[in-house]
Structures are given as structure tokens and as C-alpha cells.
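# Structure at a glance
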Amino acid sequence: MYSDVSSPQCYSHFLIFIMILTLFHRIDVEIIGINYLTMTEIKDLAEKHRMVSDMFKLPKSKEAWEPYRLTDEQVAHFHEEGYVSGIKMLNEAQITVLRNDLEEILDPKHQAHELFYEFHSNESTDLDSVLFHSLGHWRITEGFHDVLWNPAFVMAAHQLLDSKPVRFWHDQLFCKPAKHGGVVAWHQDYSYWTRTIAMQHLTCWTGLDDATVENGCLHYIPKSHKWGLLDAPELAGDMNGIMAYLTEEQKAAFKPVPIELKKGYATFHHPLMVHGSYKNESNRSRRAFVLNVFADGTISNTDDELLAGVPPIPKGNKMEGKFFPLLFDAEI
Ligand SMILES: O=C(O)CCC(=O)C(=O)O
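So, here is what we can say about the structure in this document. As the structure is a prediction and not an experimental result, all values here were calculated from the model. In this numbering scheme, every chain counts its residues from 1 along its sequence in written order. Under the rules for a predicted model, residues below a pLDDT of 70 receive no local features and side-chain atom pairs below 80 are neither given nor counted, while totals for whole chains, interfaces and linings still include all residues.

### Digging into the nonpolar core
- In these notes, a nonpolar core means any group of buried Ala, Val, Leu, Ile, Met, Phe, Trp, Tyr and Cys residues linked to one another through C-beta atoms within 7 Å. Counting other C-beta atoms within 10 Å of a residue's C-beta gives its exposure: the residue is buried at 20 or more, exposed at 12 or fewer, and partly exposed in between, where C-beta atoms are placed from the backbone. Residues Phe153, Ala156, Ala157, Cys204, Phe268 and Val293 are the most contacted members of the largest nonpolar core, which totals 69 residues.
- Top element by residues in this core is helix α6 (residues 151-160). It accounts for seven residues.
- Note on contacts: residues are paired as contacts if their backbone-placed C-beta atoms lie within 7 Å. With residues up to four places along the chain from it excluded, the contact list for alanine 157 reads Val166, Leu202, Cys204, Val293 and Phe328. Runs of E in the DSSP output that reach at least two residues are strands. Runs of H or I that reach at least four are helices, and both are numbered from the N terminus.

### What to know about unusual backbone geometry
- The omega torsion across isoleucine 197 and alanine 198 is -5°, close enough to zero to call that bond cis.
- Residues other than glycine seldom take positive phi values, yet aspartate 162 does so here, at roughly 55°.
- You can see aspartate 162 is positioned in the loop between α6 and β4 (166-176).
- Accessibility expressed as a C-beta count within 10 Å gives 10 for aspartate 162, which makes it exposed.
- Phi is positive for lysine 179, which is not a glycine, with a value near 75°.
- On the basis of neighbour counts, which here come to 15 C-beta atoms within 10 Å, the residue lysine 179 falls in the partly exposed class.

### A few points about the site of the ligand
- For each residue, a C-beta atom is positioned from the backbone; the residue is called near a molecule or strand if that atom sits within 6 Å of it. Around the ligand, the surrounding shell consists of Phe174, Val184, Asp189, Thr203, Trp205, Leu218, His275, Ser277, Ala288 and Val290.
- Counting only elements with at least two residues in the shell around the ligand, the list comes to β7 (201-207), β11 (275-277) and β12 (286-295).

### Remarks on the sheet that holds strand β9 (residues 257-258)
- Paired strands, in this sense, are two strands between which DSSP finds at least two bridges. Spatial ordering of the open sheet is given by β5-β11-β8-β9, a layout of four strands whose pairing is antiparallel. Two strands in the sheet have a free side with no partner beyond their single neighbour: β5 (184-187) and β9.
- Judged from the two bridges that link them, strand β8 (residues 218-220) and β9 form a sheet pairing that is antiparallel. Residue pairing across strands places histidine 219 opposite proline 258, the latter belonging to β9.

### Observations concerning the environment of proline 222
- With respect to the element layout, proline 222 can be found in the loop between β8 and α7 (248-252).
- The exposure class assigned to proline 222 is partly exposed, which follows from the 17 C-beta atoms found within 10 Å.
- Separated by 31 residues in the primary sequence, proline 222 and alanine 253 have C-alpha atoms spaced 8.9 Å apart.
- With residues up to four places along the chain from it excluded, the contact list for proline 222 reads Glu81, Gly82 and Val257.

### With respect to the pairing of strand β10 (residues 265-269)
- By the criterion of burial, β10 is predominantly enclosed, with four of the five residues buried.
- As defined by bridge partners, strand β1 (residues 83-88) adjoins β10 across five bridges and the pair is classed as antiparallel. Bridge assignment links isoleucine 87 to a residue of β10, and that residue is alanine 266.
- Strand direction decides the pairing type here: β7 and β10, joined by four bridges, are antiparallel. Bridging across to β10, threonine 206 finds its partner in alanine 266.

### Considering helix α4 (residues 92-105)
- A helix is expected to span 1.5 Å multiplied by its residue count minus one. Taking 1.5 Å of rise per residue, the 14 residues of α4 would be expected to cover 20 Å, and the 20 Å separating its terminal C-alpha atoms lies within 8% of that figure.
- Taken together, the buried positions of α4 are occupied by Leu98, Asp101, Leu102 and Ile105. With its buried residues spanning 100° around the axis, α4 presents them on a single face. Turned more than 90 degrees off the buried face of α4, the exposed positions are Glu92, Ala93, Asn100, Glu103 and Glu104.
- Contacts from the buried residues of α4 go to α5 (142-146), β4 and β12. The directions from the helix axis to the C-beta atoms form the arc being described.

Shown next as C-alpha cells:
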């Protein structure tokens, strides 16, 4: 039996069908609209291997680079002690730009959040403490992108890497809030990086707040870069986890030195330098960003992913490409 298409019942079914169709169409259009917006607004700054803002001026001549050079004494201190600190990186205006950038990207709802390699709102294993730690923000804000090419940074890095060209590895943020900032346990950076060889890496830590003993500044164990490679402890776990891997002689030489720095100033350390930082129980925050580099010619030591979301570089191949820009080459 056929239904009568002109019946009121059939007409109301037809109306409901049209309403559902319209609804789905609108949802569809909205979803496409959201995707379209996301696609157009997220800019991955890793595509740009040069400065994209006017935050820093690139020196145009050999003479113009000179003011950024470390002295021979500073370079000698790095080799002897494993670190050199008190290097001016940023002026007040640059600090303000980076603090504002930081404020924005701390929000996990930031539109470019997916570009982080890692994002830990709280990496601390101590339930009463907070340690914000992330990697990959150079891809997200112009400020954190351009600090990679800061002349004061690249010139010092070049000198400390035995005058070799400087290639970017990755960046990090370590932020401790006032009152309940968590520790960064004693560690050597290279103990987490053996997936890249040879060991010709370097770390630069720059404060966005004045860093003091009270708010959890970085501490070094001078000369520990001569101890060889130790096992890697949990980074934001037990402060003294590394002690299990030390000889009695190393334990006796374990004399932490606080690296107090005014905001905008940096400290550079060797990849085997034992370092860490204590809690922040003061009423001031302690925010800092870290730049990790290696000498050009460093190769991948794994077929696995080197950083989350970054296409693998097959073992034995040179570290280069979109995610690992060359930052400084005196020959160019
Ligand atoms: O900011 C901190 O307290 C730790 C930094 C660190 O581990 C590093 O610079 O390698």
C-alpha cells in the first residue's frame, strides 16, 4: 500500500526531515568554519629560519659583532669550571615582550598549543609544588622565536662550542610560582640527550625574573662536567636522586654554588655539568627560558622520534631541517 503524500502526517514528516537537514548543514558549516579558522591562524614559526620581528638587531659587520664577544677569561672559566654566568641577554623591553608571550602560552587553550613538543603545567612529583616545564614555544611566539638569533646568545654559543657553527636543538621553559615552586633535581643535560651524538651540546639559561637563592635559582657543582656521563634521574622528582650514581669522591666534591642573576641575564653550562634548583618558597615567581644548541654536524643516534611530533631523522643522519635551524656560522 502506498501512503498519501498529501496527507498531514506525511507533510509533518517532511518538515521534520527538512529541519534536521538544515541543522546538520549548519553544524557542518560551523565545523568547516572552525577548521578553516584554525588552519589560517596557526602559524608555525619553525618555518622561519631568521628573525621575524625587530626585537633584536642583527649586526651587519665583523666590528658590529665584537661587543657581543665573551672575553678570553670568560671562555676559560667555562672550560675550567663547566659554566660561565652573568652574560647580559635582554633589555627591559625585550623582557616585557617575553613575559607577555609567556603569559599567553601558559594557557593550554592557546590556539597554537599543539605546536609544543612538550607541555607540563605541573611536572613536579611533589603534590604540594608546581613546576611548569615545556619545550617548543619557539614555534609559537615571535619573541621566543627570535631569541634564538639574539646576537648575544649566538656569539657566546659559537665561542663556547670551540668556534663551530651553532645549530638549534630545542628550547625549554622552567617556571616556578611564588610560595610553592617545585625543584629541578640534580642532573646532567646530556644524560637525557644521548639520542644525538657526538656530545657537543650547550645550554643557555636566561631569567625573566631576578633569580636568587630564595626563589629557587639554578645551582651548579663546579667542575662536575669532568665526571663523565652519569645516569639520568627523574627531572622534577627527588632533588637528590642523582646521589645514587655518584662515587664517594664525587659526593665529597659535591659543593653547590648558587647562580644568582638579575632578570635578562644568562648563564651557559656544559652538557655534563651537574645542576639543579631548589624550591621556591618566596613571595616572588622565578620564570626562565632555556636554549639548547649543538655544534653543526651533530647526528641522530636513533630511528625514533627525537622530539614529540617531529619527523624522525634516521640514525647516522645529520641533525638539520625545519626543526633544527643553523643559528650562527662565522663563515657566512
Ligand atoms: O630552571 C631550572 O631550575 C633548571 C634549568 C635546567 O635544568 C637547565 O637549564 O638545563
